[in-house]
Amino acid sequence: MDSAFDDAMGDLYADGGVDADSVDGGAVYTTAGGDWDDIAKDIATLGAERIVVNMGPQHPSTHGVLRLVLELDGETVREARAGIGFLHTGIEKNMEHRTWVQGTTFCTRMDYLTPIFNEAAYCLSLEKLLGITDQIPQRASDIRVLMMELNRIGSHLICLATGGMELGATTIMTTGFRERERLLRFFEAVSGLRMNHAYVRPGGVAQDVLPEHLDQLESELPALRDGIRQLELMLLENPVLKARTVDVGHLSLAGCMALGVTGPILRSTGLPHDLRKSDPYCGYETYEFDVITRRDMDAYGRLVIRLDEIWQSLRIAEQAIARLRASQGEPVMVADRKIAWPAQLSVGADGQGNSLDHIRTIMGESMESLIHHFKLVTEGFRVPAGQAYVGIESPKGELGCHVVSDGGTRPYRAHFRDPSFHNLQAASALAEGGLVADVIVAVASIDPVMGGVDR
């Protein structure tokens, strides 16, 4: 906002409602809380030039069910507020009424574009609470890294694709979705699902990545690289795109620190903050990759960072593939059978099912194994009383999970620090002072997913 408008605001925020003042011969109306319908009605009655409008909820121009309330002075945004909470998913509360393992099927649906990261954050915090972090098989950690980095590429592709469509570039959308489809085919082959996999489990992963899965993935990578290069050619030096994104949605390092903003928005200020480097997990410290930063502090810089991070994720994925080929046959679940649920799965002619050797043991040879399997599946394992927090670097920023146990078979509390929720606080700072058309660009550069905001 300009200084004259700031001066006109005075102490109105202490009282709420609407007030009027004169700035440069025109009426300025400052909103300070209250019902927005009443505010709009009062301003309309007073005949002001400023109006209050709703933007959204619509998709994808305001990213799903996000509602933005804008106070406009002509085409200029003087105030912006984000209205959230329209999904009513209740994921965190529902997790309190399910076993620890069943919790993965809930949290994977939060940010539905980054399901692997949701599962990984939850399982890493649970493993920390169980005290088995050092017992996770190396192959399971390598699989987690591979799946997360491929999921990071998919999330960035959706951000670029929907952002392009919001600016009217349909080709960007179709190209982005086409390239993401290559990754979804691999996810489906490994886990049986394209999204919401519940693949990362406490103690490891649900099932192994087989050589034929890696063959399928490697056969897709050359075409994926070509598709990403196409996106770069269409985006990076496009004069229309640069006119819409350069110096739009400006947010400095001080603003990011004040609002708790992380991820590409923070790295666009030049700060190389990435939890994969600063607080490694899943063995990330053994992988070679670079943390991408820029100093643009605008929507264009965030776009370039996401494109460059896709290349770094491909670099990590290639290292993970080489490790998985070398460790074929090694376990992918913790050895403690009091935790290792479900049994190792294998893909057969009928799709997916339990290992035939496991079924033979529990159904025909060992009554104790059958009883233990029954109790583990129906009741779940117990977790020592306590609490733990683990943060990981999701495509949108720091994704953290805080789990609390009272010693039972269910979470007493599971709370997630979703980056979309914290980054969305910056919507006002990015939009105010710009044009209405720039609001679309600013929100797209945040890349919020409302499933992660309203949990």
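Now for a description of the structure that goes with this document. This structure is a prediction, so every number in the text was calculated from the model and none was measured. (Residues numbered from 1 in each chain as written. Predicted model: local features only at pLDDT ≥ 70, side-chain atom pairs only at ≥ 80, totals over all residues. Heavy atoms only, no water.)

1. Structural notes on the side chain of E119
Counting through the fold element by element, E119 comes out in helix 5 (residues 115–130). No salt bridge is formed by the buried E119, whose closest oppositely charged neighbour, R201, lies at an N-O distance of 6.6 Å. Discounting chain neighbours no more than four positions away, the residues touching E119 are T104, C107, T108, N196, H197, A198, Y199 and V200. (Helix = DSSP H or I, 4+ residues; strand = E, 2+ residues; numbered from the N terminus. Buried < 20%, exposed > 50% of the residue type's maximum accessible area, 1.4 Å probe, protein only. Lys, Arg positive; Asp, Glu negative; His and termini not counted. Salt bridge = Lys/Arg side-chain N within 4 Å of Asp/Glu carboxyl O. Contact = heavy atoms within 4.5 Å.)

2. Quick look at the sheet that holds strand 11 (residues 397–405)
Paired through backbone hydrogen bonds, the strands of a sheet run either parallel or antiparallel to each other. The antiparallel open sheet is built from three strands, whose spatial order is 10-11-12. Each edge of the sheet is formed by a strand with only one pairing partner; in this case those strands are strand 10 (386–394) and strand 12 (413–417). Put simply, the sheet's adjacent strands are angled 15° from each other on average, direction ignored. Where strand 10 and strand 11 come together, nine bridges link them in antiparallel fashion. When the sheet's bridge partners are listed, V390 is paired in strand 11 with C401. Sheet contacts for helix 5: strand 10, strand 11 and strand 12; angle to strand 10, the most-contacted strand, approximately 145°. (Pairing = 2+ DSSP bridges. Axes fitted to C-alpha atoms, helices over the stretch in contact; angles between N-to-C directions.)

3. Description of the pattern of salt bridges
A side chain of one charge can pair with a side chain of the opposite charge if their charged atoms are brought near each other. Using the criterion set out here, one finds 27 salt bridges in the structure. In this structure, E393 and R267 form a salt bridge, with 3.0 Å as the shortest nitrogen-oxygen distance. Here E393, found in strand 10, pairs with R267, found in helix 11 (residues 264–267); they are 126 residues apart in sequence, far enough to count as distant. For the pair shown, E393 and R267 are each scored as buried.

4. Digging into the packing of helix 8 (residues 211–235) against helix 13 (residues 299–326)
One way to put it is that helix 8 packs onto helix 13 with a least axis distance of 11 Å and a crossing angle of 165°. It follows that helix 8 is roughly antiparallel to helix 13 by the angle criterion. In this structure, helix 8 crosses over helix 13, and the sense of that crossing is left-handed. (Parallel < 35°, antiparallel > 145°, perpendicular 65-115°, else oblique. Left-handed = near helix turned anticlockwise from the far one by under 90°.)

5. Section: helix 6 (residues 138–166)
Counted at 1.5 Å a residue, the expected span for helix 6 with its 29 residues is 42 Å, and the 42 Å between its end C-alpha atoms agrees. With respect to burial, helix 6 is a largely interior element, 27 of its 29 residues being buried. Of the residues flanking the end of helix 6, it is G168, one or two places downstream, whose phi is positive at about 95°. (Expected span 1.5 Å × (residues − 1).)

6. A look at the sheet that holds strand 4 (residues 67–73)
Strand order across the open sheet formed by three strands is 3-4-5, with antiparallel pairing between neighbours. Sheet topology places strand 3 (50–55) and strand 5 (76–83) at the edges, where each strand pairs with a single neighbour. With strand direction ignored, the average angle separating the axes of adjacent strands in the sheet is 20°. In this sheet, strand 5 lies alongside strand 4 in antiparallel orientation, the contact comprising seven bridges. When the sheet's bridge partners are listed, L70 is paired in strand 5 with A80. Here helix 18 (residues 436–446) sits on the sheet in contact with strand 3, strand 4 and strand 5, set at roughly 150° to strand 4.

7. Remarks on unusual backbone geometry
Glycine aside, the phi torsion of most residues is negative, and most peptide linkages are trans. The backbone of N196 shows a phi angle near 50°, a positive value even though the residue is not glycine. Relative to the helices and strands, N196 resides in the loop between helix 7 (170–191) and strand 6 (200–201). One non-glycine residue, M297, adopts positive backbone phi at about 60°. Relative to the assigned elements, M297 resides in the loop between helix 12 (275–278) and helix 13.

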